[in-house]
Amino acid sequence: MKLATYKDGSRDGQLVVVSRDLTTAHYATGIASKLQQVLDDWNFLAPQLQDLSDTLNNGKARHAFPFDPAQCMAPLPRAYQWADGSAYINHVELVRKARESDVPGSFYSDPLMYQGGSDDFIGPCDDVVCPSEDYGIDFEAEVAVITGDVPMCSTPAQALEGIRLVMLANDVSLRNLIPNELAKGFGFFQSKPATAFSPVAVTLDELGEAWDKGRVNLTMQSTWNGRKVGMCDAGPEMTFHFGQLIAHICKTRNVRAGSIVGSGTVSNKGIEVKGKTEWPKGYSCIAEKRAIETIQDGKPSTAFMKYGDTIRIEMKGLDGGPLFGAIEQKIVEFVAAE
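Residues numbered from 1 in each chain as written. Predicted model: local features only at pLDDT ≥ 70, side-chain atom pairs only at ≥ 80, totals over all residues. Heavy atoms only, no water.

Asker: Please set out the packing of aromatic side chains residue by residue, giving values where relevant.
Answerer: All told, the structure shown has nine aromatic pairs when counted by the stated rule. Each ring, one from phenylalanine 121 and one from phenylalanine 197, has its centre 4.9 Å from the other, and the planes form 80°; the classification is edge-to-face. One end of the pair, phenylalanine 121, is in the loop between strand 6 (113-116) and strand 7 (128-130); the other, phenylalanine 197, is in strand 12 (residues 196-197), and 76 residues separate them in sequence. As far as burial versus exposure is concerned, phenylalanine 121 and phenylalanine 197 are alike and both buried. (Phe/Tyr/Trp six-rings, centres within 6.5 Å; stacked < 30°, edge-to-face > 60°. Helix = DSSP H or I, 4+ residues; strand = E, 2+ residues; numbered from the N terminus. Buried < 20%, exposed > 50% of the residue type's maximum accessible area, 1.4 Å probe, protein only.)

Asker: Report on the pattern of salt bridges, specifying residues and quantitative values.
Answerer: Scanning the entire structure with this criterion turns up twelve salt bridges. Between arginine 78 and aspartate 12 there is a salt bridge, with its nearest N and O atoms 2.8 Å apart. Taken together, the positions of arginine 78 in the loop between strand 4 (65-66) and strand 5 (81-85) and aspartate 12 in the loop between strand 1 (2-6) and strand 2 (14-18) put the pair 66 residues apart, joining distant regions of the chain. Look at the salt bridges and you will find they share partners, linking Asp138, Glu140, Asp171, Arg175 and Lys192 into a network. (Salt bridge = Lys/Arg side-chain N within 4 Å of Asp/Glu carboxyl O.)

Asker: Describe in detail the sheet that holds strand 17 (residues 227-233), supporting the description with residues and values.
Answerer: Strand order in the open sheet made by the five strands is 7-22-21-16-17, with mixed pairing throughout. Two strands close off the open sheet at either side, each with one partner strand: strand 7 and strand 17. Within this sheet the neighbouring strands show an average axis-to-axis angle of 20°, counted without direction. Looking at chain direction, strand 7 and strand 22 (residues 327-333) are connected through three bridges and run parallel. Residue pairing for strand 22: valine 129 is matched across the bridge by valine 332. (Pairing = 2+ DSSP bridges. Axes fitted to C-alpha atoms, helices over the stretch in contact; angles between N-to-C directions.)

Asker: Which residues make up the pairing of strand 5, and what values go with them?
Answerer: Within a regular strand, side chains alternate between the sheet's two faces. With five of five residues buried, strand 5 lies mostly within the body of the structure. Of the two faces of strand 5, both are covered, the one formed by Gln81, Ala83 and Gly85 as well as the one formed by Trp82 and Asp84. Bridge count for strand 5 against strand 18 (residues 259-262) is four bridges, and the pairing is parallel. Across the sheet, aspartate 84 pairs through a bridge with glycine 262, a residue of strand 18. In terms of strand pairing, strand 5 meets strand 6 through four bridges, oriented antiparallel. Bridging across to strand 6, tryptophan 82 finds its partner in glycine 116.

Asker: Mind laying out the environment of alanine 210, listing which residues take part and the relevant values?
Answerer: Residue position: alanine 210 is located in the loop between strand 13 (201-202) and strand 14 (211-212). For alanine 210, a relative accessible area of 1% gives the class buried. For the pair alanine 210 and glycine 235, spaced 25 residues apart in the sequence, the C-alpha separation amounts to 8.5 Å. What alanine 210 contacts, discounting residues up to four positions off in sequence, is Arg215, Val216, Asn217, Leu218 and Leu318. (Contact = heavy atoms within 4.5 Å.)

Asker: Describe the side chain of threonine 147, listing the residues and the values that go with them.
Answerer: As for its placement among the helices and strands, threonine 147 is situated in strand 9 (residues 141-147). Excluding residues that lie within four positions of it along the chain, threonine 147 makes contacts with Leu39, Gly162, Ile163, Arg164, Ile246, Val255, Arg256, Ala257, Gly258, Ser259 and Val261.

Asker: An account of the environment of alanine 70 is requested, with residue identities and associated values reported.
Answerer: Looking at the secondary structure, you find alanine 70 in the loop between strand 4 and strand 5. Separated by 21 residues in sequence, alanine 70 and histidine 91 place their C-alpha atoms 31 Å apart. When near neighbours in sequence (up to four residues on either side) are disregarded, alanine 70 contacts Lys7 and Cys125.

Asker: Got a sec to walk through the layout of surface pockets? Specific residues and values, please.
Answerer: Of the pockets and cavities examined, the largest pocket occupies roughly 930 Å³. Taken together, 32 residues make up the lining of the largest pocket; nearest its centre are Val95, Arg99, Arg175, Ile178 and Phe188. Mapped by element, the contributors of at least two residues to the lining of the largest pocket are strand 5, helix 3 (89-98), strand 6, helix 5 (178-183) and helix 7 (286-297). A breakdown of the residues in the lining of the largest pocket according to their chemical character gives 15 nonpolar, eight polar and nine charged. (1 Å grid on protein atoms, 1.4 Å probe; cavity = no way out; pocket = protein on both sides within 12 Å on 5 of 7 lines; lining within 4 Å. Points joined across faces, edges and corners; volume = space filled by probe spheres on them. Nonpolar A, V, L, I, M, F, W, Y, C, P; charged D, E, K, R; others polar.)

Asker: Break down helix 3 for me, citing the residues and quoting the values.
Answerer: Ile89, Asn90, His91, Val92, Leu94 and Arg96 are the residues of helix 3 that are buried. Turning to helix 3, the residues buried within the fold contact helix 7. Positive backbone phi, at 55°, marks glutamate 100, one or two positions downstream of helix 3.

Asker: Outline the side chain of glutamine 221, listing residues and values.
Answerer: Mapped onto the secondary structure, glutamine 221 falls in strand 16 (residues 219-224). For glutamine 221, the side chain forms a polar contact with the side chain of lysine 228, separated by 3.4 Å. If we skip the residues at most four places from it in the chain, glutamine 221 touches Lys228, Gly230, Met231, Arg312, Ile313, Glu314 and Lys316. (Polar contact = N/O pair within 3.5 Å; in protein donor to acceptor, adjacent residues only side chain to side chain.)

And the structure:
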């Protein structure tokens with residue numbers, strides 16, 4: 001099934017079930033009004049939502065209405081936890097190589113993760129508001145999962161059993177604020193503003209064979225200002241799968257229902273063409289493109305995002321049809337309220 005949260009003026013919105021083709025929706029009010037309620041009582045409420053989903057997909061839902069992504073909040077508008085990993089080690093390798101720094105050996109056996117702000121997510125079509133272009137505005141196309149309860153010391157295999165839903169994320173980064181924060185030994189903080197998520201979150205069965213033991217074997221598409229800049233494979237080069245990422249959190253604590261875990265920037269290795277490395281699948285964040293330029297040319301030439309820029313992030317199913325809907329956002333200047 002596919003779930004979304006519609007804006008209704010409240011902090012947590014209204015839960016809706018969305019048809020498989022993302023054309024129609026139905027309020028889930030008679031079952032649960034908020035997604036967190038479902039995550040807290042998954043075994044009881046999820047089957048009821050599945051029945052509604054089946055009815056909707058069969059064209060028999062009496063009060064169905066056209067689905068509008070612009071009316072969506074993040075599927076889980078605020079969460080008990082937002083932990084983002086860096087599961088694609090190629091991304092780390094490129095960024096470190098660009099600044100002539102080695103990747104520590106532990107990075108290949110122990111995931112990198114940071115704890116982001118989870119009190120103020122933004123919807124898939126909401127503007128990305130930033131006080132200054134000088135902060136180095138960047139998008140990051142990622143896969144994310146929402147969990148149920150996962151006990152402390154769970155193994156990666158056990159952690160996989162705790163995954164309830166999958167969605168996409170735009171983990172907005174302010175690149176020019178990162179160096180000073182990391183220099184303090186305590187980042188990220190101000191350099192990671194509100195994250196956006198796809199219009200819908202889907203259960204694992206919606207992915208079919210594309211769900212491969214904690215990895216999503218589909219193409220992450222990133223379109224910047226109308227130009228497709230990334231067609232990156234999200235599955236094969238994911239160094240740490242979602243079970244490993246969740247188990248990393250569980251080393252010293254429980255993970256509670258309503259936690260969101262991100263994959264980090266989807267990244268693919270370059271290929272050798274006539275003695276030169278090329279990246280035909282593009283990139284899922286500007287920082288990676290700039291790292292490639294620095295490696296090849298000695299300096300970056302691609303600027304970060306400016307006010308008025310747009311970003312579209314999406315992933316289609318194995319059948320070529322819509323899966324999560326698209327994140328479509330515009331970069332705008334922050335204007336203080338009078």
